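What follows is the residue order along each chain.
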Amino acid sequence: IHQSLLSIMKFTLFATLLASAAAFAPAPSTKASTALKVNELELGNTAPLGVYDPLGWLDSEPEAFERRRAVERKHGRIAMAAVVGTIVHNNDIEFDGYLSPSNNLKFSDIPNGVDGIRAIPTQGLLQILFFFALVELAWMPASQYDGDYGVGWF
């Protein structure tokens, strides 16, 4: 019994070494292209329906199509950042210190979820709205159609 157990152990060790050596073998190289084969004018074209434009804006206002696409791109990025902020706050990851020292309101005192907006003082909400206006009108204007706002991460 001892000899057969030793043979099984040797075989298992050999098979393990053989399998681990295969992990370091070079993989076959194939030339994969990352270029998108997309016509920029046909974005939104969904087979078999075609371009979904129920209001006919693409035909009646073609010059506004690029602006609408840029606005959708920008608002999508802002929505993704808002979702990340919601996830972070709902996991009780908050800033230290005070949100409003005059009201003795700490960041940790703000409740999770929708009730959090009601706990922010009016002056704080106005600051948030003014920041939104700055972002919308000056920092990330919708007239910049390429989507590169120069921040590198947003």
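It should be noted that the structure appears before, not after, this text.
What counts as what
- Residues numbered from 1 in each chain as written.
- Predicted model: local features only at pLDDT ≥ 70, side-chain atom pairs only at ≥ 80, totals over all residues.
- Heavy atoms only, no water.
- Helix = DSSP H or I, 4+ residues; strand = E, 2+ residues; numbered from the N terminus.
- Buried < 20%, exposed > 50% of the residue type's maximum accessible area, 1.4 Å probe, protein only.
- Contact = heavy atoms within 4.5 Å.
- Areas by Shrake-Rupley, 256 points an atom, 1.4 Å probe, with all protein chains shown as cover.
- Salt bridge = Lys/Arg side-chain N within 4 Å of Asp/Glu carboxyl O.

1. Quick look at the overall build of the chain
In terms of regular secondary structure, the chain is built from 5 helices and 4 strands. Listing every helix and strand of the chain by position from the N terminus yields α-β-β-α-α-β-β-α-α. The buried share among the 154 residues of the chain stands at 12%. Taking the intrachain contacts of the chain between residues at least 6 apart in sequence as the baseline, contacts between residues at least 24 apart amount to 33%. Counting every atom, the chain has about 12,800 Å² of accessible surface; 65% of that belongs to carbon and sulfur.

2. Re the pattern of salt bridges
Side chains carrying opposite charge are able to pair once their charged atoms draw close together. For the coordinates displayed, the defined rule picks out 2 salt bridges. E61 serves as the salt-bridge partner of R68, at 3.1 Å between the closest nitrogen and oxygen. The class of R68 is partly exposed, set by a relative accessible area of 30%. A salt bridge links D115 to R118, with the shortest nitrogen-to-oxygen separation between them at 2.5 Å. Of this pair, D115 and R118 both sit in helix α4 (residues 115-119), 3 residues apart, roughly one helical turn. The exposure class assigned to R118 is exposed, which follows from its relative accessible area of 62%.

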